Amino acid sequence: MTMLTRRQSLMLAAGGLAAMAAPRGFAEDFFEGPSLHELAQEKGMRFGSAVGVGDPDSLASSFHDARYRELLIRECGVLVHENELKWYVARPDAETFDFRPADMVMDFAAENGMEMRGHTLLWHHTDWFPDWFANHDFGSRPGTEAERMLTEHVRTLVERYRGRIYSWDVVNETIDEAGRLRQTPLSQHLGEEVIDIAFHVAKEADPDAELLYNDYMSWEAGYERQQEGVLRLLERLKERGAPVDGLGVQSHIGSGNYDYSTGFDTARADGWRQFLDAVTGLDLSLSITEFDVHDKNLPADIETRDREVAELARRYLDLMFSYPQTKDILVWGMADHLSWYQGMWLREDGLPKRPTPYDEDYRPKPLRQAIADAIRAAEPRPA
Ligand code: XIL
């Protein structure tokens, strides 16, 4: 999409009402020059963000905030649902599908010329199945019932959005930090084949969509066995002929999930490269699917914190973009107050976190600059 049509669509979409609802002069708060998506497009890449609807009936939801919408329209070429396609939102019970919140994001993207990624068909992690799932009666042939449920779910979602979602996180986070397949009621009855089934059904339902395995293994200390486990899983999937196109590297990087310090030193970067070499050696693409920089353990001072976040981001993105297989970068939230990190792994000083490209007033931060610089420095992707 060109700059002109993006601006036009912005005016058409936001309309007089939304623009008038915003405080005067707010547009100057945003970046100057080309948007992140425009920069990405020049390199044959995409930039985008996760978007959450929250309570679809609440006008207080950030999703209805005119400034937030304008920011998304200006900066993003692609969106992904933060929660709306997960089983715990889209499946109120075993028989029902609820696509209302998901469709709100789909409609917003379509109205503004943005593409959509799909997250996720199977978050294969017991903590994230809906409550009803644990008590589901799998009957006398539990394997058959498990396969029926999974097939119905994957087929329904992928067929519904066929041609509108160009890339799916088919399976999310099924390898734990010890490198083992997570156990869920589905794998209990189907074993590892649960993963293959999800990929095959997705492929059948939309042969043109890109199908990713997505996980949070990272270069940081403590993830070595998870990296190994993900690699082995990808190898086995390929050997068995599962239609997996690439690895979604979530990229929740930073100093915070655990209590150890996590410098991106040369040794760690080398280890990470070996992992990415092995993944791309399987003829798989790489996508940055959930980028943010956790500042849990960084100093309170905002200038220092923002600088360190941006520096780490730049080094990480330079490495990721050195792989021509990396075409998409999606952040997990565009503005700090909307980040999932605000509610988890709190800072000891209790201060709000600053993990995203824009602050709570939608002012661009050094992280936005770091992303722009890394994209500018990237080689154009092969067509
Ligand atoms: C998170 C959302 O951001 C939260 O709102 C929700 O409560 C839990 O899930 N890895 C993933 C994402 O694959 O789906 C997670 O999203 C963040 C970690």
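These numbers come from a predicted model, not from an experiment. (Residues numbered from 1 in each chain as written. Predicted model: local features only at pLDDT ≥ 70, side-chain atom pairs only at ≥ 80, totals over all residues. Heavy atoms only, no water.)

## Description of the overall build of the chain
Along the chain, the regular secondary structure elements total 13 helices and nine strands. Radius of gyration (C-alpha) of the chain: 20 Å, near the 21 Å computed for a compact globule of 383 residues. Considering only C-alpha atoms, the chain reaches an extent of 65 × 50 × 45 Å along its principal axes. Burial status across the chain gives 56% buried among its 383 residues. Once local pairs closer than 6 in sequence are excluded, the contacts in the chain between residues at least 24 apart make up 80%. As presented, the chain carries roughly 16000 Å² of accessible surface, and 50% of it is formed by carbon and sulfur atoms. (Helix = DSSP H or I, 4+ residues; strand = E, 2+ residues; numbered from the N terminus. Rg over C-alpha atoms; globule rule 2.2 N^0.38 Å. Buried < 20%, exposed > 50% of the residue type's maximum accessible area, 1.4 Å probe, protein only. Contact = heavy atoms within 4.5 Å. Areas by Shrake-Rupley, 256 points an atom, 1.4 Å probe, with all protein chains shown as cover.)

## Here we look at the packing of helix α7 (residues 142-160) against helix α9 (residues 193-205)
Contact geometry of α7 with α9 gives a least axis separation of 9 Å together with a crossing angle of 35°. Between α7 and α9 the crossing geometry is right-handed. Contacts between α7 and α9 involve E147, L150, T151, V154, R155, V158 and E159 from the first element and V194, I197, A198, V201, A202, E204 and A205 from the second. (Axes fitted to C-alpha atoms, helices over the stretch in contact; angles between N-to-C directions. Left-handed = near helix turned anticlockwise from the far one by under 90°.)

## Looking at the packing of aromatic side chains
When we look at a pair of aromatic rings, we describe it by the centre distance and by the angle of the planes. One pass over the structure, following the stated rule, counts 18 aromatic pairs. Pairing F133 with F138 gives two aromatic rings, centres 6.1 Å apart and planes at 65°, and the pair type is edge-to-face. In this pair, the class of F133 matches that of F138, namely buried. Between Y216 and Y223, the ring centres sit 6.0 Å apart and the planes meet at 90°, which makes this aromatic pair edge-to-face. The same class applies to Y216 and to Y223, which are both buried. Taken together, the ring pairs in this structure connect W87, F129, W132, F133 and F138 into an aromatic cluster. (Phe/Tyr/Trp six-rings, centres within 6.5 Å; stacked < 30°, edge-to-face > 60°.)

## A word on the side chain of E84
Along the chain, the position of E84 falls in the loop between β2 (78-81) and α4 (87-90). It turns out E84 is buried and unbridged, and the closest side chain with the opposite charge, K86, is 7.5 Å from it. Looking at E84, its side chain comes within polar contact range of the main-chain nitrogen of V53, at 2.6 Å. At 3.3 Å, the side chain of E84 and the backbone nitrogen of E82 are in polar contact. Setting aside residues no more than four positions away along its own chain, E84 makes contact with V51, G52, V53, G54, V89, A90, P101 and A102. (Lys, Arg positive; Asp, Glu negative; His and termini not counted. Salt bridge = Lys/Arg side-chain N within 4 Å of Asp/Glu carboxyl O. Polar contact = N/O pair within 3.5 Å; in protein donor to acceptor, adjacent residues only side chain to side chain.)

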